[in-house]
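Here is how the chains run, residue by residue.
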Amino acid sequence: MSRLDLNRRNLLAFASAGAALAFAGRVSAETGPRNKLVVLIARGAMDGLSVTVPYADPNYAALRGSLAIPVPGQDGGALALTEGFGLHPALANLHGLYSQGRMRFAPAVALPVRIRSHFDAQDVLENGGEGLRQQADGWLNRALVAAGGTSLKGLSIGVQTPLILRGDAPVSSWAPGGQVRGDDRIASLLQDLYANDPMLAQNLASGLATEELAVMGGDGTPVRRNDALSLGRAVSRLMTGQDGSDIVAVSLDGWDTHAGQKNQLQTRLSGLDQLIAGLQEGLGDQWRRTVVVVATEFGRTARANGTQGTDHGTGSSMLLAGGALKRGGPIGDWPTLAEGKLFEDRDLAPTLDIRSVFKGVLRDHIGVDRAALDNRVFPGSAAEAPPVDGLV
Amino acid sequence: MAASETAAAIALTRLGLGARAGEIDRVRPDPKGWALAQIRPDGAPQPSGGFPSSNQRMNELLDYQDMDRGAPGAQNAPRTQGTQPATGESDPDAQARLMARRAARRKLAESRDAEFLARAQLGTATDHGFAERWALFWSNAITVSSTKFNAGIFIGQYEREAIRPHVFGKFEDMALAAEQHPAMLFYLDQVRSIGPDSQVGGRRRNVGLNENLAREMMELHTVGADSGYGQADVTQLAQALTGWSVPMARDLATDGRRQAGNALERGPNGFVFRPDVHEPGERVVMGKTYPPTGLAQGQAILRDLAQHPATATRLARSIAAHFVADDPPLALVARLERTWMASGGDLAEVARSLVEADETWSPQPTKVKTPYEFIVSTHRALGTRPDRLPALRSALTDMGQPMFEPPSPEGWPDAAADWAGPNALVKRLNWAKRTGEMAQVGDPTALADGALGARLTAPTRLAVSRAESRAEALTLFLMSPEFQRR
């Protein structure tokens, strides 16, 4: 709690110094409750084609083979949205939000540059620059600075502040547990590395199994699934009240589905759905002032690979959820998966710059003006990435 | 002899505390030379920080012990607990004294912890990784532990005064400095040992011989349990060691309170010899008779123990087992032993022998890093240094190697089974994950290359480069077999 207090004092001092306002954008004169924005960064290249499933695209089923999500109505089929798109069946709660007009999606977005490395692409996603190593801080932090007059509070969830929230505006942070679990991705990756080291392999497996026994939920359900819901609730608790945070960034791992994609995505998306449900539940009447954005650094190949997975691609999906959203259709054009329409004959081609969606939300929901967005928050984006209208 | 690519990496990782970025390249032209150049007569590097000497620490300890003594004139009153009033003093005074005592104790503990941090920072920064590892080895071979508070507050001094200056000198000189250091004298209760027939022993009841130092001196510091000595030898040595002690308050008084006619002999680092508690008479240890020469008697026995062939055998094996393999190659042990015997226990020669041996350069990493080595090598690889004591303390405690606190005089164990058990690995993994999440690095693959060089295997390198986030890449690297081992 003391950390939040410290940040509030800093922010107020910062604003009163006046220096910030010299380059801050004009902000809406909010005196009442503040609007909330949660940015969920899906690290590892989330497979947009499995999240917002283009089940009506004539080439989808053939490209994806056994990985294709069935059409709505069939067993394990997509949850119908609009215009031939559906949500992955694990995203039941999000689908409910869609019916209420509180969920939007962009089916083919990407960064302004083509990068195939996770680390580098995540940097660009978070620094809001036009390319690699262009900014040392994050666009969300710069947005906080631009909105400095309203004393918005930033919060990062995780042990270290992610690049997206690093910068001049002070930001608080919180990290849940952090213990590695036996079914965590890292555990299985390490077992691969320990293939020739039986001692390490056996002992790590044994150690994690023991930890599992120690924390297993009382009613027999794996604690893992409940964690996302609790995490969502926990984050929402940090967002409500006088000292609650307004701009939050959360990292979600485990999206790099090179093999065995079906099960892994089922688990990840289930968790994502629960996280958003937990946020909604915990925010209560603040939900109607909230926007949640889910973004990833790039998508995955249109075709399945030889190990029931997909490899690094280009275009992916963005999801928006929240009570502050306006009802509407897909954001951006659908390029289709037809031959000749794929990027480099392998990836979904992007039709919208990811920054445009961020800018639309920041302008209409947080009140950062166009000039600040084009020049400070996303420098150099004026021509290439105009803000999307009508989101909020 | 391994290819020079691997040799440079081996030098830094097996003989040192891990490679920092660019270090493997610098060492590549002459990896053996890199190690050999660190073998210097003035010993191993010293942590910086302007820490107090043993003499200063002793004064601080005596001041702290003075706070226990209550009102003036009650020097010999038994210590009272809590707020029991003495000589008519009121409770608030007693409370105030209690708070002052606690503060003084806390200050001593903080100084000890600060020394540990300084030593860890030296480890992460030094270019003399081999000399540092060598010093850490000897500090552990002749262990002092903070499980006893009075010993703990002298450990920083112990390493700086008794170990580091001597690590490339004669073993017997280091052994003498170590066994006579206040840290050791407190740790193994030597300060309480009183000869039954000594001046003091004859007068007082319920005081007597303490055999702790003598036993460990023979069993753990020199010849070892299998060298053919028996309980009688331990007792004889314990008797010879009576009088090996530290100053008490009255020794420092200048108003004639000293024992008449028995001026205390003083050694370096605060050592004093008390003739009034020394057991008179000649002693027989391992078949040799030692005339009654007071302080020189115990010293002579220690030197003979240090020079005994069994000591060479035992410590040669310890060195090989620590640096090269839990079950060390017999040829390597034999080589180190030969050098030891031929040079009369010259540790510079033994160190050179270790560096020159082929077995030291075998490519396969076998030894599992201790938690301390793991943490320090991580900082070196990441280009960071530990500067928050609570974080360092909890990481080491979590992984089973609390700061300055080996559980017994045997010191920290050295084998894989001791450090890579199931829960230990989980603890390491959790620390690695947090470290990976908090690190600010550019390219994890380049970082892994810089830290391990040719010892980085293709599967690990691939996994690191394909990780879905920087945090995951670093966690994989830190937990990889080639980084967990050296």
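Note that the coordinates shown come from a computational prediction; the quantities given were computed from them, not determined experimentally.

Residues and elements named next belong to chain A. Ordered in space as β7-β6-β8-β1-β9-β10-β5-β11, the eight strands form an open sheet in which the pairing is mixed. Edge positions in the open sheet fall to β7 (171-174) and β11 (352-353), since each of these has one partner strand only. Two strands pair when backbone bridges link them, and strand β5 (residues 103-110) and strand β10 (residues 316-321) are joined in this way by five bridges, in the antiparallel orientation. Bridge pairing in β10 places F105 opposite L319. Together, β1 (36-42), β6 (154-157), β7 and β8 (247-252) form the strand contacts of helix α7 (residues 139-146), whose direction differs from that of β8 by roughly 175 degrees. On the sheet, helix α11 (residues 261-283) packs against β1, β8, β9 (290-296) and β10 and is oriented at approximately 165 degrees with respect to β9.

Once that is clear, we can look at the interface of chain A and chain B. Counting residues at the interface gives 33 residues for chain A and 37 residues for chain B. Here chain A and chain B share an interface that buries about 2900 Å² over both sides, 61% of which is from carbon and sulfur atoms. Remark: the boundary between chain A and chain B carries five salt bridges. With a shortest N-O distance of 3.7 Å, E468 of chain B and R185 of chain A are connected by a salt bridge.

Moving on: unusual backbone geometry. Look at Q308 of chain A: it is not a glycine, yet its phi comes out positive at around 55 degrees. Q308 of chain A gets classed as partly exposed once you look at its relative accessible area, which sits at 48%. Here the phi dihedral of N269 of chain B falls at roughly 60 degrees; this positive angle occurs in a residue that is not glycine. Considering the arrangement of structural elements, one finds N269 of chain B in the loop between β2 (265-266) and β3 (272-273).

Once that is clear, we can look at the nonpolar core. Most often, soluble globular proteins have nonpolar side chains that are buried together. In this structure, F130, W134 and W138 of chain B are the most contacted members of the largest nonpolar core, which totals 151 residues. By residue number, the principal contributor to this core is helix α6 (residues 129-141) of chain B, which donates eight residues. Ignoring anything within four residues of it in the chain, the contact list for W138 of chain B reads I163, V167, F171, M174, L315, I319, W340 and L347 of chain B. L111, I331, V357 and F378 of chain A belong to the second-largest nonpolar core, a separate cluster that totals 48 residues.

Attention now moves to empty space enclosed by the protein. Residue and element names in this part refer to chain B. Taken as a whole and judged by the stated rule, the model has three cavities of 30 Å³ or more. What the second largest cavity holds in volume is close to 50 Å³. Where the lining of the second largest cavity is concerned, the elements lending two or more residues are α18 (371-382), α22 (444-452) and α25 (481-484). Residues that form the lining of the second largest cavity fall into these classes: five nonpolar, three polar and four charged.

It is worth spelling out the pairing of β6 of chain A at this point. All names here are of chain A. Of the two faces of β6, both are covered, the one formed by G154 and S156 as well as the one formed by L155 and I157. Pairing between β6 and β7: four bridges, direction parallel. For G154, the partnering residue across the bridge sits in β7 and is V171. In the sheet, β6 pairs with β8 via four bridges, with the strands oriented parallel. Its bridge partner being in β8, L155 is matched across the sheet by V248.

What follows concerns the packing of helix α5 (residues 92-99) of chain A against α11 of chain A. All names here are of chain A. Between α5 and α11, the least distance of the axes is 7 Å, while the angle of their chain directions is 55 degrees. As far as their axial angle goes, α11 and α5 are oblique. Across the interface between the two elements, A92, N93, L94 and L97 from α5 touch D273, I276, A277 and Q280 from α11. The class makeup of the residues in the contact of α5 with α11 is five nonpolar, two polar and one charged.

Here the focus is the sheet that holds strand β2 (residues 52-53) of chain A. Residue and element names in this part refer to chain A. With respect to topology, three strands assemble into an open sheet ordered β2-β4-β3, the strand pairing being antiparallel. Pairing within the sheet leaves two strands with one partner each, and these edge strands are β2 and β3 (79-80). As judged from the two bridges shared by β3 and strand β4 (residues 86-87), these two strands associate in the antiparallel manner. Among the inter-strand pairings, L79 is bridged to a residue of β4, identified as L87.

The next point concerns helix α14 (residues 295-307) of chain B. Given a rise of 1.5 Å per residue, 13 residues ought to cover 18 Å, and the 19 Å separating the end C-alpha atoms of α14 of chain B matches this to within 8%. Among the residues making up α14 of chain B, those that are buried are L295, Q297, G298, I301, L302, L305 and A306 of chain B.

Here we come to the environment of R97 of chain B. Residue and element names in this part refer to chain B. As for its placement among the helices and strands, R97 is situated in helix α5 (residues 91-125). Under the relative-accessibility criterion, R97 is labelled partly exposed at 26%. The sequence separation of R97 and I155 amounts to 58 residues, and the corresponding C-alpha distance is 27 Å.

What counts, and where the lines are drawn
Counting of residues starts from 1 at the beginning of each chain's written sequence and follows it residue by residue. In the order they appear in the text, chains get letters beginning with A and ligands get numbers beginning with 1. Only residues with pLDDT of 70 or above have their local features reported here, since the model is predicted, and side-chain atom pairs are shown and tallied only from 80 upward, although totals for entire chains, interfaces and linings are computed over all residues. Heavy atoms throughout the structure, all of them, feed into the side-chain values; hydrogens and water do not. Two strands are counted as paired when DSSP detects at least two bridges linking them. Per the convention used, a helix needs a DSSP run of H or I reaching at least four residues, while a strand needs a run of E reaching at least two, with both numbered from the N terminus. Contact definition: two residues touch when any of their heavy atoms are within 4.5 Å. The angle between two axes is taken between their N-to-C directions and runs from 0 to 180 degrees, where each axis is a line fitted to C-alpha atoms and a helix contributes only its stretch in contact. Accessible area, probed at 1.4 Å, shrinks when two parts are joined; the buried area is that loss added up over both. A pair is scored as a salt bridge if a Lys or Arg side-chain nitrogen falls within 4 Å of a carboxyl oxygen belonging to Asp or Glu. Residue exposure (1.4 Å probe, protein chains only): buried if accessible area is under 20% of the type maximum, exposed if over 50%, otherwise partly exposed. In plain words, nonpolar cores are sets of buried Ala, Val, Leu, Ile, Met, Phe, Trp, Tyr and Cys residues tied together by side-chain atoms within 4.5 Å. Each cavity reported here is a set of points on a 1 Å grid over the protein atoms alone in which a 1.4 Å probe fits but cannot get out, each pocket an open set with protein on both sides within 12 Å along at least five of seven lines, and each lining residue one with an atom within 4 Å of a point. Grid points are joined across faces, edges and corners, and a volume is the space filled by probe spheres set on the points. Gly counts as polar in this scheme, as do all residues outside two lists: the nonpolar Ala, Val, Leu, Ile, Met, Phe, Trp, Tyr, Cys and Pro, and the charged Asp, Glu, Lys and Arg. Put simply, angles under 35 degrees are roughly parallel, angles over 145 are roughly antiparallel, angles from 65 to 115 are roughly perpendicular, and the rest are oblique. Expected helix span is given by 1.5 Å per residue-to-residue step, counting one fewer step than there are residues.

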